[in-house]
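# Descriptive analysis of the structure
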Amino acid sequence: MSEIKKVAVIGAGVMGAAIAAHVANAGVPVILLDIVPKDATNRSVIAESAVEKMLRTDPAPFMSKGAARLVTTGNTEDHFDLLKDCDWIIEAVIERLDIKQALYARIDKVKKKGCVVSSNTSTIPLVELTKGASEEFAKSFLITHFFNPPRYMRLLEVVTSNKTSKEALAAVSQFADMQLGKSIVVCKDRPGFIGNRLGIYWMQVAVTEAIAQGITVEEADAILSKPIGVPKTGVFGLIDLVGLDLMPHINASMTSLLPKEDPFHAANQPMPLIERMIKEGYTGRKGKGGFYRLNREKGKRKEAIDLTTGDYRDQQRPSIDAINESGRSLAKLLSHDSKHGKYAWDVMSRTLAYAASLVGEVSDDPSAIDEAMRLGFNWKFGPFELIDQLGTEWLSKNLQPAPKYLQIAAGRSLYRIENGHRQVLGLDGAYHDVKRSEGVIMLEDIKRTAQPVLKNGSAAVWDIGDGVACFEFTSKMNSLDADTMALISKTIKLVQKDFKALVIYNEGTHFSAGANLGLAAFAANIAAWGEIERLVASGQDAYRALKYAPFPVVSAPSGMALGGGCEILLASDAVQAHAETYTGLVEVGVGLIPGWGGCKEMLHRWGTLGKLPQGPMPAVIKAFEIISVATVSKSAAEAKEYLFMRPGDSITMNRYRLLADAKAKALALSVDYKAPEPPTFNLPGPTGRVAMDMAVDGFARAGKATPYDKVVLAELAEVLSGGKTDMLKSMKDTEILELERTRFMQLVRNTGTLDRITQMLETGKPLRN
């Protein structure tokens, strides 16, 4: 089986087009084909329109607009011969067996030897898809079920038959893992596979029980979200996101395919309300609204549907005793003596029992089922991890009868740690290691058997082997404070003495939300200006020491890396970023400017790497444009466009491989490493500031800048222009840091800034004062 270097996707609907876009995100050429519409003047209009639409879609299927150039569009009548050069052909057409099989017969005639063919079906068994196919075709065929949206959802369910060659499975698995960033879960050839089999049942039970028990959509979503480790959409919000119109089709398919004794049938009850909503165009976010809507006729008023009357009403924010009184205990929530506690029990007990009954049915590995729900539905905990929170003995007592898997557990936990290895209980009654893919390094695994070499309340340092240390943020939202800076300073001394290189990395949802605004607000409210200035100075000193340390520093962000979190990337020798890294200098949103070297670094990068016209002003203006509107990259690829990352920095597609890649980069840099020399700057001084002030005045007159924006951006312009300097005078980096610090302190004393910080802390939204 050859390496996958070119891919084709047939079917340019929402899923097919987005799969093609994600292949392009990986830097791989992809063919996107669809049928020729009747009476069309442009025979490839479906595929072409799909790409154009994706370039306008938010959240974006493409990681950068440049990736779209790797997509070649066409149609299945004029361009079918393009498939002959492809190494992997993905079918993503309508869920009709006859259409799929006819397409496979055509593919079999043109595909080259060794080309893998797969279906993105989520319901039709593989054994049905390949009936009547040639032996050669069956050897190269499998199901690859992507989750929507393909760019962001990390799960890929793979189904094979006894005819599928090991080479075909290996080629697709390696490509999907390394280049598409997917976690591959191999499923049995069963209806709905793993994610949809359990996830659809959970949603169906949640909706039917809410209607039967008189639970509002807001109450249901409040219960079935954060308290159980599910995204804030809950159930009804998730259905709105996916689309109500998909529910009848999926349910009909599951009804026809599942055995009569399956619990799904009891949950699959008629829902006249949903049928009416679909008929009237209330299909969710893609329609006029769903269970929730914005009533634009009433000033974008947030409304929710009343499940009893079917009428929309003002959205409510429920206060639920079952949640408030349970703390973080799942058992207390499910056993709370109230209608909300009963609802939580009825939904989750049935869901967890169903999950337990599926061990051996959809997969022999319970950890694979957990992985599918974590990555396919964004659950924080898989069903068996939730069962362990409840206790298998407690749950078994309250379930009558208990599923076979829980009977086998006999009161034991489903997961355990043994000799530093995480193990899961199998159907054979024995524990088995939960295995990582080859080459994966996870900090959570290291932490099971090791102690940090340094630690305080906000950060820790770990030995990750081969002479590399790992600095981990550990505070809430990985925010940065004085303890963080103090440990950075200690870490530099330690690494210089005992290690070759340093990686800055953590396994939180987000790399860092930036400086701890709560502490800054508290200090400002008691006029502790000296404390604030010491924090700014200590951050500048720590980041500058990292930048010029006698060993390489590699930052490995994932998720948000904002403000001070972005500045630590700018201070590193290199960045190894997860593809879904969203970074930027966002301080103006809270009435501040970058104070830990962000201004200095953006001036230096745009002056040396920006390919701008000669002279001091172009880099100054570019840095001002980016910082003044709190620009945040929507991917690691886009971070390079803003020079938050350098052109030579690297991107890891698979989140699980980020630490290993960062460690390898750090070790490569450590060979004959020499620290960079501090740069000097020639900045325009007052004349440059005048130009920026005039631009801000223009924005203000056009209503694009508020009065306090003018105050903040005047201080930013002062720093970026170099203060009282002129272009003939060279400035040291420390002089620009001093400007950053003094102008930052000028702003933090202003009530306008305190108002912005307060609103951000209270609502999470910027104040436009």
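Summarised in this report is the structure supplied together with it. (Residues numbered from 1 in each chain as written. Predicted model: local features only at pLDDT ≥ 70, side-chain atom pairs only at ≥ 80, totals over all residues. Heavy atoms only, no water.)

## Examining the overall build of the protein chain
What the protein chain contains, in helices and strands, is 32 helices and 25 strands. Its C-alpha atoms give the protein chain a radius of gyration of 28 Å, within 12% of the compact-globule value 27 Å for 769 residues. Principal-axis analysis of the C-alpha atoms gives the protein chain an extent of 80 × 65 × 60 Å. Residues classed as buried in the protein chain amount to 54% of the 769 residues present. Look at the contacts in the protein chain between residues 6 or more apart in sequence, and 69% of them connect residues 24 or more apart. Accessible surface computed for the protein chain: about 33500 Å², of which carbon and sulfur atoms make up 53%. Here the protein chain carries 92 positive and 89 negative side-chain charges, and the mean point of each set is 2 Å from the other. (Helix = DSSP H or I, 4+ residues; strand = E, 2+ residues; numbered from the N terminus. Rg over C-alpha atoms; globule rule 2.2 N^0.38 Å. Buried < 20%, exposed > 50% of the residue type's maximum accessible area, 1.4 Å probe, protein only. Contact = heavy atoms within 4.5 Å. Areas by Shrake-Rupley, 256 points an atom, 1.4 Å probe, with all protein chains shown as cover. Lys, Arg positive; Asp, Glu negative; His and termini not counted. Charge placed at Lys NZ, Arg CZ, Asp CG, Glu CD.)

## What to know about the sheet that holds strand S2 (residues 30-34)
Spatially, eight strands are ordered S3-S2-S1-S4-S5-S6-S7-S8 in an open sheet, and the strand pairing comes out mixed. A strand with exactly one partner marks an edge of an open sheet, and here the two such strands are strand S3 (71-75) and strand S8 (183-187). Going from strand to strand, the sheet's axes swing by 25 degrees on average, the running direction of each strand aside. Examined bridge by bridge, strand S4 (residues 88-91) and strand S5 (residues 116-119) share four bridges and lie parallel to one another. Along S5, the bridge assignment pairs Glu91 with Ser119. Where helix H2 (residues 45-56) meets the sheet, its contacts fall on S2 and S3, and the angle it forms with S3 comes to roughly 150 degrees. (Pairing = 2+ DSSP bridges. Axes fitted to C-alpha atoms, helices over the stretch in contact; angles between N-to-C directions.)

## Things to note about the packing of helix H23 (residues 529-547) against helix H31 (residues 733-748)
Two elements in contact, H23 and H31, have axes separated by 10 Å at closest approach and are oriented at 150 degrees. As summarised for this structure, H23 and H31 are arranged roughly antiparallel, according to the angle between their axes. Between H23 and H31 lies a crossing whose hand is right-handed. The segment H23 lies against H31, with Trp529, Ile532, Glu533, Val536, Ala537, Gln540 and Arg544 engaging Asp733, Thr734, Leu737, Glu740, Arg741, Phe744, Met745 and Val748. Residue composition of the contact of H23 with H31, grouped by class: eight nonpolar, two polar and five charged. (Parallel < 35°, antiparallel > 145°, perpendicular 65-115°, else oblique. Left-handed = near helix turned anticlockwise from the far one by under 90°. Nonpolar A, V, L, I, M, F, W, Y, C, P; charged D, E, K, R; others polar.)

## Focus on the pattern of salt bridges
Enumeration over the complete set of coordinates arrives at 47 salt bridges. Of the charged contacts in the structure, one is a salt bridge between Arg43 and Glu77, with a shortest N-O distance of 3.0 Å. Here Arg43 is found in the loop between S2 and H2, whereas its partner Glu77 is found in the loop between S3 and S4, with 34 residues between them in sequence. We classify Arg43 as partly exposed; its relative accessible area is 33%. Judged by its relative accessible area of 52%, Glu77 is exposed. The closest approach of N and O atoms between Glu385 and Arg422, which form a salt bridge, is 2.9 Å. (Salt bridge = Lys/Arg side-chain N within 4 Å of Asp/Glu carboxyl O.)

## Some details on empty space enclosed by the protein
Empty space among the atoms becomes apparent when a probe as large as a water molecule is rolled across them. By the definition in use, this model includes one cavity of 30 Å³ or more. Roughly 70 Å³ of internal volume is contained in the largest cavity. As for the largest cavity, its lining consists of Gln540, Tyr543, Arg544, Lys547, Glu567, Leu570, Ala571, Trp596, Gly597, Lys600, Glu601 and Leu737. Within the residue set of the lining of the largest cavity, elements represented by two or more residues are H23, helix H24 (564-570) and helix H25 (598-608). Class assignment of the residues belonging to the lining of the largest cavity gives a composition of five nonpolar, two polar and five charged. (1 Å grid on protein atoms, 1.4 Å probe; cavity = no way out; pocket = protein on both sides within 12 Å on 5 of 7 lines; lining within 4 Å. Points joined across faces, edges and corners; volume = space filled by probe spheres on them.)

## Considerations on the packing of helix H26 (residues 617-628) against helix H29 (residues 686-701)
Closest axis-to-axis distance for the H26/H29 pair is 11 Å, and the angle between their directions is 35 degrees. Between H26 and H29 the crossing geometry is right-handed. Across the interface between the two elements, Met617, Val620, Ile621 and Phe624 from H26 touch Gly688, Ala691, Met692 and Val696 from H29. Class assignment of the residues belonging to the contact of H26 with H29 gives a composition of seven nonpolar, one polar and no charged.

## Here's the deal with the nonpolar core
Ranked by internal contacts, the top residues of the largest apolar core, which has 124 residues, are Ile107, Trp202, Leu224, Phe291 and Phe384. Setting aside anything within four residues of it in sequence, one finds Trp202 in contact with Leu224, Val230, Gly234, Val235, Leu238, Val347, Met348, Thr351 and Trp379. Of all hydrophobic cores here, the second largest spans 78 residues; its members include Ala524, Val575, Met692 and Val712. (Core = buried A, V, L, I, M, F, W, Y, C linked by side-chain atoms within 4.5 Å.)

## A word on the sheet that holds strand S14 (residues 431-433)
In any sheet, the strands associate via hydrogen bonds between backbone groups, in a parallel or an antiparallel arrangement. Strands sit in the order S12-S13-S14 across an open sheet of three strands; the sheet is antiparallel. Every interior strand has two partners, whereas the edge strands, strand S12 (415-418) and S14, have only one. Across the sheet, the mean angle separating the axes of adjacent strands is 40 degrees when strand polarity is ignored. The pairing of strand S13 (residues 421-425) with S14 spans three bridges and is antiparallel. Residue pairing across strands places Val424 opposite His432, the latter belonging to S14.

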